[in-house]
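# Fold and contact review
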Amino acid sequence: MPTIQTSKLNDLKEKAKKLDETDVLAQYRNQFHLPQKEGKPCIYFCGNSLGLQPKSTQTFIEHELEKWRNKGVEGHFTGEKPWVAYHTNSKSSLSQILGAKQHEVVAMNNLTSNLHLAMASFYQPQGRRSKVLIEKGAFPSDFYAVYSQIETKGLDPKKYLVELESSDGSEYLPNSEVVHKIHELSNELALVIFPGVQYYSGQFFDIKSITKAAHEVGAYAGFDLAHTIGNIPLSLHDDEVDFAVWCTYKYLNSGPGGVGGLFIHEKHGKNKSLSRLSGWWGHDAKARFKMDNQINPIPNVDGWQLSNVNIISHAAHLASLQIFDEAGMLHLRRKSTLLTNLLEESIRSSGVLSENIRIITPSNPNERGCQLSLFLTNHGKEVFNKIVKQGVVLDWREPNVIRVAPVPLYNTFSEIVAFTEILEEAIK
């Protein structure tokens, strides 16, 4: 089998070395704990499943533990960050990452809980307009949530849940086909729910045009940003997205099962007549402790809160967001594009890899983030296991896909070439 030619391999190594030497984000690698195997740092390309732990996380959490220890219940109203308003501390960072206003974003609950809360407001089927459009092969938690929401409205999901797949049956779903389907459904469509980045293929969808099309036919548009937030710069407010949900344990490095988040466009936040599932923490903060049970929802995304935030989880979240504030999404996106481009170039430079791997993630950098999804035509799981034994951490998705996610905060360009050599040897 033809491998990477020695001259080409040396060129790739030299290119990676120069990119590492000029990397303005190189300093951030030392701010994370890198997993080790047999005493050596792993090549960690799994930030799309669980981001690495910032070294500052321990300090942030210990600060709140000390406050709990010394202040007890008084910690809710004392100190630099009183617990009663702790959710407000992440708003500035999240608004920058998401391209939103601070009163449009809040960290709370987890992704699926927030999706249910959002659908309770934005999925109100009425007669003919009752269908929900999602992509075929949606992430299970999204599928289950949407399916059950349709059922609770007394409707048959097999009739009212529309799953869109590409016309040629491939993993790539052209944006034009999404927009066309929205217009085809027209006044039958109540809600569109799409991912920002599709978890399996790594495709980044055009959020703005999907939202615009949904609004043109009188439907709402919501997005699952689990694989998008902290990965690709967003502009949710200007794109007029109705709602979005996300988790924070992937690219936002906020810990396993970390706090989720919700975006509600301000035009809906001000609409107190919009149906919602209410909770104490979504009630007027100034009157919250009067305990008079007069429902008066906060006129922004905070009105969708149910209860007080998990302080320990949110403290870990703040530790990572501080790094994002310093690094900046534009710098992260620029390096991410270079990392992924180098990974694609390295794979296509090898005869072994080109013959045995099909990259199902779009080649257009504007249609992808950190992740490349590699479809292995033969012995995929065996190859994956061999790579893992060599100290590379990535993940497997059925059928036959290895997801590789070089993250700009802690991965290097030299790791890309090293991984390519390991992958090639595993296939050989």
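Let me sum up the structure you'll find in this document. As a convention, each chain's residues are numbered from 1 in the sequence order in which they are written. In keeping with the predicted nature of the model, local features appear solely for residues at pLDDT of at least 70, side-chain atom pairs appear and are counted solely at 80 or more, and the whole-chain, interface and lining totals rest on all residues. Think of the side-chain values as coming from all heavy atoms in the structure, minus any hydrogens and water.

### Some words on the overall build of the protein chain
Stated formally: The helix and strand labels rest on DSSP assignments: H or I over at least four residues marks a helix, E over at least two residues marks a strand, and numbering proceeds from the N terminus. For a compact globule the rule gives 2.2 Å times the number of residues to the power 0.38, and the radius of gyration it is set against comes from C-alpha atoms. When accessible area is computed with a 1.4 Å probe and restricted to protein chains, residues below 20% of their type maximum are described as buried, those above 50% as exposed, and intermediate ones as partly exposed. Two residues qualify as a contact provided that any one of their heavy atoms is within 4.5 Å of a heavy atom in the partner residue. The charge count treats Lys and Arg as positive and Asp and Glu as negative. His and the chain ends do not count. Positions of charges follow a simple convention, taking NZ of Lys, CZ of Arg, CG of Asp or CD of Glu.
Scanning the protein chain from N- to C-terminus turns up 14 helices and 15 strands. The C-alpha atoms of the protein chain give 23 Å as radius of gyration, which agrees with the globular expectation for 428 residues (22 Å, within 12%). Across its three principal directions, the C-alpha atoms of the protein chain cover 75 × 60 × 35 Å. Burial statistics for the protein chain: of 428 residues in total, 54% are counted as buried. Within the protein chain, contacts between residues separated by at least 24 positions form 72% of all contacts whose residues are at least 6 apart in sequence. Side-chain charges in the protein chain split into 45 positive and 47 negative, and the spacing between the mean points of these groups amounts to 2 Å.

### Describing the environment of Ser-113
Rules: Nitrogen and oxygen atoms within 3.5 Å of one another constitute a polar contact, given that in protein one can donate a hydrogen and the other can accept it, and given that sequence-neighbouring residues count only through two side-chain atoms.
Considering the arrangement of structural elements, one finds Ser-113 in helix α4 (residues 111–122). With a relative accessible area of 32%, Ser-113 lands in the partly exposed category. Among the polar contacts made by the side chain of Ser-113, one reaches the side chain of Asn-110 at a distance of 2.8 Å.

### Here's the deal with the side chain of Ser-201
Inspection of the secondary structure assignment puts Ser-201 in the loop between β7 (189–195) and α8 (207–216). From its side chain, Ser-201 meets the backbone nitrogen of Gln-203 in a polar contact 3.2 Å long. Beyond its immediate sequence surroundings of up to four residues, Ser-201 is in contact with Glu-171, Ile-360, Thr-361, Pro-362, Gln-371 and Ser-373.

### Re the nonpolar core
Put simply, the rule reads: The set of buried Ala, Val, Leu, Ile, Met, Phe, Trp, Tyr and Cys residues whose side-chain atoms join them within 4.5 Å is what this entry labels a nonpolar core.
By size, the foremost hydrophobic cluster in this structure holds 62 residues, and its most contacted members are Leu-94, Leu-98, Leu-133, Ile-182, Phe-194, Leu-225 and Leu-409. When residues of this core are assigned to their parent elements, the largest contribution, seven residues, is made by helix α10 (residues 311–327). Beyond its immediate stretch of four places on either side in the chain, Ile-182 contacts Leu-133, Leu-189, Val-192, Ile-210, Ala-213, Ala-214 and Val-217. Within the second largest apolar cluster, 31 residues are counted, among which are Ile-347, Val-352, Leu-372 and Phe-413.

### So, the packing of aromatic side chains
Counted only if it meets this: Stacked, edge-to-face and tilted are the three classes for Phe, Tyr and Trp ring pairs, Trp counted by its six-membered ring, which pair at centre distances within 6.5 Å; planes under 30 degrees apart are stacked, over 60 edge-to-face, the rest tilted. Look at NZ for Lys and CZ for Arg. If either is within 6 Å of the ring centre and within 35 degrees of the ring normal, a charge sits over the ring.
Scanning all chains against the criterion turns up 15 aromatic pairs. On the basis of an interplanar angle of 65° and a centroid distance of 6.3 Å, the ring pair of Tyr-44 and Tyr-410 is categorised as edge-to-face. On the criterion of sequence distance, the pair formed by Tyr-44 in strand β3 (residues 43–44) and Tyr-410 in the loop between β15 (401–404) and α14 (413–427) is long-range, its members being 366 residues apart. Like Tyr-44, the residue Tyr-410 is buried in the burial classification. Between Phe-143 and Tyr-144 the ring centres are 6.2 Å apart and the planes differ by 70°, which places this aromatic pair in the edge-to-face class. Judged by relative accessible area, Phe-143 falls into the partly exposed class, the value being 24%. A cation sits over an aromatic face here: Arg-276 above Trp-304, 3.9 Å from the ring centre. One Lys or Arg, Arg-358, reaches over the ring of Phe-375 and ends 4.8 Å from the middle of that ring.

### Concerning the pattern of salt bridges
Rule in force here: Each salt bridge in this description consists of a side-chain nitrogen of Lys or Arg and a carboxyl oxygen of Asp or Glu lying within 4 Å of one another.
Counted under the stated rule, the structure contains 17 salt bridges. Where Glu-415 meets Arg-29, a salt bridge forms, and the shortest distance between an N and an O atom there is 3.4 Å. Residue Glu-415 is located in helix α14, and its partner Arg-29 is located in the loop between α1 (6–21) and β1 (36–37); the two are separated by 386 residues in the primary sequence. Overall, the relative accessible area of 8% leaves Glu-415 in the buried class.

### Brief notes about α1
For the record, the criterion: Expected helix span is given by 1.5 Å per residue-to-residue step, counting one fewer step than there are residues. What the arc measures is the spread of directions leading from the helix axis to the C-beta atoms.
Here α1 contains 16 residues, and its C-alpha end-to-end distance of 22 Å stays within 8% of the 22 Å for a straight helix at 1.5 Å per residue. Those residues of α1 not exposed but buried are Leu-9, Leu-12, Ala-16 and Asp-20. Viewed along the axis of α1, the buried residues span an arc of 70°, placing them on a single side of the element. Exposed and oriented more than 90 degrees from the buried face of α1 are Asp-11 and Glu-21.

Geometric descriptors of this kind do not, in isolation, establish any biological role.
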